[in-house]
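Observations on the model geometry
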Amino acid sequence: MTLTSSKRLRSRRALAVVAASSTFLTAAAVLMLPALALSGQSPVKPDSTVQSKPGSETPHESQIKVDRRTPAYWRVTFDNPPFNIFGPETIPQLEKVIADIETDPNLRVVVFDSDVPGFFLTHYNFTPPLEESTSLPSGRTGLHPLPDMLVRLSKAPVVSIALIRGRATGVGSELALASDMRFASREKAILSQWEVGAGFVPGGGPMARLPRLMGRGRALEVLLGSDDINGELAEQYGYVNRSFADDKLDPFVDALAARVSGFDRGAIADTKRLVDFASLPTDPEIGAGWDAFISSVQRPVAQKNIGRLMEMGLQTNPDIESRLGHYTQTLADQ
């Protein structure tokens, strides 16, 4: 299935605007590129956020649901079917969640998961008008909104855990890397940074984070190979803490989160802060990656490759979404 001619025309116009725009305009358009690969997941606990407790946030059009299971333990669930695509409308929603995580005096643990079968969190939405992204201001760190929120999540005084079932590619991978811990379904998790395969540089910080987790060689394999990493290999490489048989994943994460949420908040925050000193990249490192992303997305090869993917059926064809690694390889072959 391919995009309609009107959608193709709109996509091509958007790409042309990116190439001709200012650095800030391109920075927002860049958000459209850090994450395009997706595939098999099964739904996480069907009742975990659908039937929210009082105080949970589930506005009608929200793509993110917050289940405050206890004052100390929250579940943040991405719910934007069919592919959990991340778009400009998602940014203010995630900003609110991150701000609440930073400031809630009782919170100790937050778990990120998904209600969309096959997808943890995936690529940026190409169809809204570009102005919906370019009108967003920089975040509190001075970085553009997406890397800003990822930096703040890493430094928040609470424990963040990514429960990965399905595709975590580009934005999804970068949010998982910004979290303090990552646990994956052995059978159904897929992680990747696909960007180099499409001709540009990742923008959400994986060049700064991955070498600290898995070493230089393996980080370069993930970034330059632009291929899918399943749950088992992700564990071996250190991309995730551990992978579990799919039916064991939720019970383990829930038990760990509940256990940590019972500990002293001050001790958690101080311990995490000291680990951060030894392990987190600096904001300038994240910013340098973002700048490289901004430059690379303007290159003709990136413009052409994104256009090709849109014509193939990106965002409309489940096969493109579920086998993006394959389709980026076909771009390289041409």
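In what follows, the accompanying structure is described. (Residues numbered from 1 in each chain as written. Predicted model: local features only at pLDDT ≥ 70, side-chain atom pairs only at ≥ 80, totals over all residues. Heavy atoms only, no water.)

As for empty space enclosed by the protein
As a reminder of what qualifies: Site definitions follow a grid-based scheme: protein atoms alone, a 1 Å grid, a 1.4 Å probe that fits but cannot get out for cavities, and for pockets an open set with protein on both sides within 12 Å along at least five of seven lines, plus lining residues having an atom within 4 Å of a point. Grid points are joined across faces, edges and corners, and a volume is the space filled by probe spheres set on the points. Numbering goes from the N terminus for both helices and strands, where a helix is a DSSP run of H or I of at least four residues and a strand is a run of E of at least two.
Using the criterion set out here, one finds 2 cavities of 30 Å³ or more in the structure. Counted as a void, the second largest cavity has a volume near 30 Å³. As for the second largest cavity, its lining consists of Val-151, Ser-154, Lys-155, Arg-209, Leu-280, Pro-281, Thr-282, Asp-283 and Ile-286. Looking at the lining of the second largest cavity, the elements with two or more residues in it are α5 (145-155) and α12 (283-297).

Comments concerning the side chain of Asp-148
Heads up, the condition is: Burial classification: accessible surface area is computed with a 1.4 Å probe over protein chains only, and a residue below 20% of its type maximum counts as buried, one above 50% as exposed, and the rest as partly exposed. For this analysis, a polar contact is any N or O atom pair within 3.5 Å, provided that within protein one partner can donate a hydrogen and the other can accept it, and provided that sequence-adjacent residues contribute only side-chain to side-chain pairs. Contacts are residue-level and defined by heavy atoms, with any inter-residue pair within 4.5 Å sufficient.
Relative to the helices and strands, Asp-148 resides in helix α5. By relative accessible area, Asp-148 is classed as buried at 1%. A polar contact of 2.8 Å, which involves the side chain of Asp-148, links it to the side chain of Thr-141. Dropping the residues within four chain positions of it, Asp-148 is found in contact with Glu-95, Gly-139, Arg-140, Thr-141, Gly-142 and Leu-143.

A short note on the packing of aromatic side chains
The condition is simple: Think of it this way: a Phe, Tyr or Trp ring, Trp meaning its six-membered ring, pairs with another when their centres are within 6.5 Å, and the plane angle makes it stacked under 30 degrees, edge-to-face over 60, tilted otherwise. Both a distance and an angle decide whether a charge sits over a ring: NZ of Lys or CZ of Arg must be within 6 Å of the ring centre and within 35 degrees of the ring normal.
As enumerated under the stated definition, the model contains 8 aromatic pairs in all. On the basis of an interplanar angle of 5 degrees and a centroid distance of 5.5 Å, the ring pair of Phe-200 and Phe-293 is categorised as stacked. Taken together, the residues Phe-200 in the loop between β6 (181-192) and α7 (206-214) and Phe-293 in helix α12 connect sequence positions 93 residues apart. Grouping residues by exposure puts Phe-200 and Phe-293 together as buried. An aromatic cluster is defined as three or more aromatic residues linked by ring pairs; in this entry it consists of Phe-78, Phe-112 and Phe-120. Geometry around Trp-74 places Arg-68 over its ring, the cationic atom sitting 4.4 Å from the centre.

A closer look at unusual backbone geometry
The amide bond that connects Pro-81 to the next residue, Pro-82, takes the cis arrangement and shows omega of 10 degrees. Checked against the element boundaries, Pro-82 lands in the loop between β2 (73-78) and α3 (90-103). The backbone of Asn-84 shows a phi angle near 55 degrees, a positive value even though the residue is not glycine. With respect to the secondary-structure elements, Asn-84 resides in the loop between β2 and α3. Backbone geometry at Gln-315 places phi at a positive 80 degrees, although glycine is not the residue there. Considering the arrangement of structural elements, one finds Gln-315 in the loop between α13 (300-312) and α14 (318-322).

Observations regarding the pattern of salt bridges
Two side chains carrying opposite charge are able to pair once their charged atoms lie near each other. For the record, the criterion: The salt bridge criterion pairs a side-chain nitrogen of Lys or Arg with a carboxyl oxygen of Asp or Glu, the two atoms within 4 Å.
On inspection of all chains with the given rule, the structure shows 22 salt bridges. The salt bridge partner of Arg-152 is Glu-102, with a shortest N-O separation of 2.8 Å. Highlighted residues: Arg-152 in helix α5 and Glu-102 in helix α3, separated in sequence by 50 residues. Among the salt bridges present, the one from Asp-283 reaches Lys-155, with a minimum N-O distance of 2.9 Å. With Asp-283 in helix α12 and Lys-155 in helix α5, this residue pair connects regions lying 128 residues apart in the sequence. A relative accessible area of 23% means that Asp-283 is categorised as partly exposed. The exposure class assigned to Lys-155 is partly exposed, which follows from its relative accessible area of 45%. Connected through shared salt-bridge partners, Asp-67, Arg-69, Arg-75, Asp-113 and Asp-254 make up one network.

What to know about the pairing of β2
Applied cut-off: DSSP bridges decide pairing: two strands pair if at least two such bridges lie between them.
For β2, the buried fraction is high: 6 of the 6 residues fall into the buried class. Every second residue of β2 is oriented toward a common face, with Tyr-73, Arg-75 and Thr-77 on one face and Trp-74, Val-76 and Phe-78 on the other, all of them buried. In this structure, strand β1 (residues 64-70) lies alongside β2, joined through 6 bridges in antiparallel fashion. Each residue of the ladder has a partner; that of Lys-65, found in β2, is Thr-77. Hairpin connection, β1 to β2: the antiparallel pair is bridged by 2 residues. When β2 meets strand β3 (residues 109-114), the two strands line up parallel, connected through 6 bridges. Each residue of the ladder has a partner; that of Thr-77, found in β3, is Asp-113.

Let's talk about the pairing of strand β5 (residues 159-169)
To keep it simple, the criterion reads: Orienting the strands away from the viewer, one traces the path from the first strand over the helix to the second; a clockwise path indicates a right-handed crossover.
For β5, a buried count of 11 out of 11 residues is recorded, marking the element as mostly surrounded by other parts of the structure. Bridge count between β3 and β5: 4 bridges; the pairing is parallel. What sits directly across from Val-111, in β5, is Ile-161. Looking at chain direction, strand β4 (residues 119-121) and β5 are connected through 2 bridges and run parallel. Residue Leu-121 lies in a different strand from β5, and its bridge partner there is Ala-168. As paired elements, β5 and β6 share 8 bridges and run parallel to each other. Looking at the pairing, Ile-161 lines up with Met-181 of β6. Each parallel crossover has a hand, and for β5 linked through helix α6 (residues 171-178) to β6 it is right-handed.

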